[in-house]
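# A structural walkthrough
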Amino acid sequence: MFRTHNNIPPINPLNHTHTNTPSTFCFKASAASPSFSTQIFQTMAEHDVITPLLSNHALSQPSDKPQVIITVDGDGCSDQRFPDRPTNQNGQTNNTELGIENPFEFLGASRIHVPPTCTIDPFRNHTPRIEGVYEWLKILVCVPIAILRLLLFGLSLLVGYLATKFALHGWKDKQNPMPKWRCRLMWVTRICARCILFSFGYHWIKRRGRPAPRETAPIVVSNHVSYIEPIFFFYELFPTIVASESHDSIPVVGTIIRAMQVIYVNRFSPSSRKHAVSEIKRKASSGRFPRLLLFPEGTTTNGRLLMSFQLGAFIPGYPIQPVVVRYPYVHFDQSWGNIALAKLMFRMFTQFHNFMEVEYLPVISTLENQKENAVRFAEKTGHAIATSLNVMKTSYSYGDFMLLAKASESKQENPRLYMVEMAMVESMFHLSGMEAVDFLDTFLSMKPDTSGHVKIDDFFRVLRLKVCSFTERIFGLLDVEKRGEITFKQFLFWSAHVLKKPLFRQACEFAFNKCLTDGNQYISEQELGDSIKLSIPNLEHYEIHDLANLFDDDHDGRISREDFVACLRRNPLLIALFSPLLIHKNFQPSLKEVV
């Protein structure tokens, strides 16, 4: 297949006339006629690029012999692909693109590179099912032992809970360190924690290195593989931890967590995250508080890679001691991945012994002669942990776990296809995990296939777009592989790229104002259709109605400014529909106005 250069209009060898629309033409030649082939190559050698390759005499000769068809595309977007594309009286595709190659260029949104998706699943448990004769026999043998372990677990949890309730009774000054006599009572709960580990099959735990003194390293960070690590560190260090607000409501466990003088954080609230960092700094700077323990990955993984670190532990700039936790295994993966908690506990109860190794690494401090930022500090610490674990450090983050959970909730056959390495996305576009989940919700409504791809027709259906050269150009920017289908990562990257442009909000406001023609504060269906017809001609009434329903965010039958902006924020790619209008109306805002 031969393709013309993007900046050179396609040339029809059967007609000198240049066209503005992508064209497809073919040579029909007799396969059995060598003279015909010879004539083609002689003509190509003798003529320039705008002279017809075949003479009128050659074209007029009929042939009923087998034909060879050579197809030449213009810009990769042919009428054969979309047979229903509206054409004018001359059979040419309607084109009112005003010469717009990239419909988002007026925002400064140039073409972007979408890196390939990492194929490693950080949340996959490698033994989610009981397989093999050995495992089944072991479980049968261990069932009586599991009953005893379960009783030990329940008794230890109960005693620890009662001891903690007694230690917390009457203590109201939670801003100051827990009094020493209350801390001594918590030793009962700490011993119970070790009994719980014993009940789960961790009869002995291999340690390497030692915890640094609290005054040397007030903050400890560790990789996070299972719910076992918090229990171990509770027994070993009795630290102050940073935990999600939702943990406080967990029966029994929530009470024990409170005794650790926990710093609660709502990871989706900027003010809560800021407060948590302030509390980390306050408690790390005071020797009266216990050392702080954080799991900077933010969630559990299968231990085969290291996710991107959140920066809460590193912003204060205090020395940090990294800790590495390993769970060597042959038959049973102990990671808390895509496996239910009850099933994981049952598997732990029915093992002869579960192996666990804890290694305390050397303390890492910021350089005294060079003030390091939190990102660099986190990278150094992550590199130390990844090197000790001998695993790869990735750009996955808690946001990927949210995307995985959303895809699983939507019953996708392969939810891991929708992870995008959110740490990289957040760094590039400053897009939050919640915003990414909203975009995934839109993408899933396009009915992706089992490979996670969305066809162009479903893309148009959800965004209420009519098939034309302009809308194909929008899709073509996402479809970098020219397969007629896109992945969620491509959809997310372009949506975020457009949404986070400094001019995006002002472009939405400008477009709304230019759509208004009667001085009212609401856009009518007719006004919306008239504005969009500059980019999509020949819109039918029902097509305008569908688009109006999409923009009518509160479904009150009219499009307010808030409706208009909210719709474009949910579907930022639709701002391209107004690019001819904005360019025609001289949309030239200054960056000072945007900032």
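The chain is annotated in an unreviewed UniProt entry as EF-hand domain-containing protein from Rhododendron simsii. On record in UniProt, under Subcellular location (unreviewed entry), the comment for the chain is "Membrane".

### Remarks on the packing of helix H12 (residues 433-444) against helix H15 (residues 488-499)
Two elements in contact, H12 and H15, have axes whose closest approach is 10 Å; the angle formed by their N-to-C orientations is 125 degrees. Taken together, the axis directions place H12 and H15 in an arrangement best described as oblique. The handedness of the crossing between H12 and H15 comes out as right-handed. Between H12 and H15, the residues in contact are Glu435, Ala436, Phe439, Leu440, Thr442 and Phe443 and Phe488, Phe491, Leu492, Ser495 and Leu499, respectively.

### Observations regarding the pairing of strand E5 (residues 219-222)
The side-chain alternation of E5 yields two buried faces, one formed by Ile219 and Val221 and the other by Val220 and Ser222. Relative to strand E8 (residues 292-294), E5 is paired through 3 bridges, and the arrangement is parallel. In the strand pairing of E8, Ile219 is matched with Leu292. Note: E5 against strand E10 (residues 320-326), 4 bridges, orientation parallel. The residue of E10 that forms the bridge with Val220 is Gln321.

### Brief notes about the packing of aromatic side chains
Per the counting criterion, the structure on display carries 27 aromatic pairs. Measuring from ring centre to ring centre gives 6.3 Å for Phe233 and Phe295, while their planes differ by 55 degrees; the resulting arrangement is tilted. Taken together, the residues Phe233 in helix H5 (residues 228-236) and Phe295 in the loop between E8 and strand E9 (305-306) connect sequence positions 62 residues apart. Ring centres of Phe459 and Phe475 lie 5.2 Å apart, and the angle between their planes is 65 degrees; this geometry places the pair in the edge-to-face category. A residue pair is termed long-range when its members are at least 10 positions apart, and Phe459 in helix H13 (residues 456-462) and Phe475 in helix H14 (residues 469-478) qualify at 16 residues. In terms of burial, Phe459 and Phe475 fall into one category: buried. An aromatic cluster is built from Phe153, Phe200, Tyr227, Trp336 and Phe349, whose rings are joined through pairwise contacts. In this structure, Arg190 is placed above the aromatic ring of Trp187, and the distance from its NZ or CZ to the ring centre is 3.9 Å. Of note, Arg558 hangs over the ring of Tyr522, and the distance from its end group to the ring centre comes to 3.9 Å.

Definitions and cut-offs
- Residues numbered from 1 in each chain as written.
- Predicted model: local features only at pLDDT ≥ 70, side-chain atom pairs only at ≥ 80, totals over all residues.
- Heavy atoms only, no water.
- UniProt positions renumbered as here; feature names shortened; annotations may be inferred.
- Axes fitted to C-alpha atoms, helices over the stretch in contact; angles between N-to-C directions.
- Helix = DSSP H or I, 4+ residues; strand = E, 2+ residues; numbered from the N terminus.
- Parallel < 35°, antiparallel > 145°, perpendicular 65-115°, else oblique.
- Left-handed = near helix turned anticlockwise from the far one by under 90°.
- Contact = heavy atoms within 4.5 Å.
- Buried < 20%, exposed > 50% of the residue type's maximum accessible area, 1.4 Å probe, protein only.
- Pairing = 2+ DSSP bridges.
- Phe/Tyr/Trp six-rings, centres within 6.5 Å; stacked < 30°, edge-to-face > 60°.
- Lys NZ or Arg CZ within 6 Å of the ring centre and 35° of its normal.

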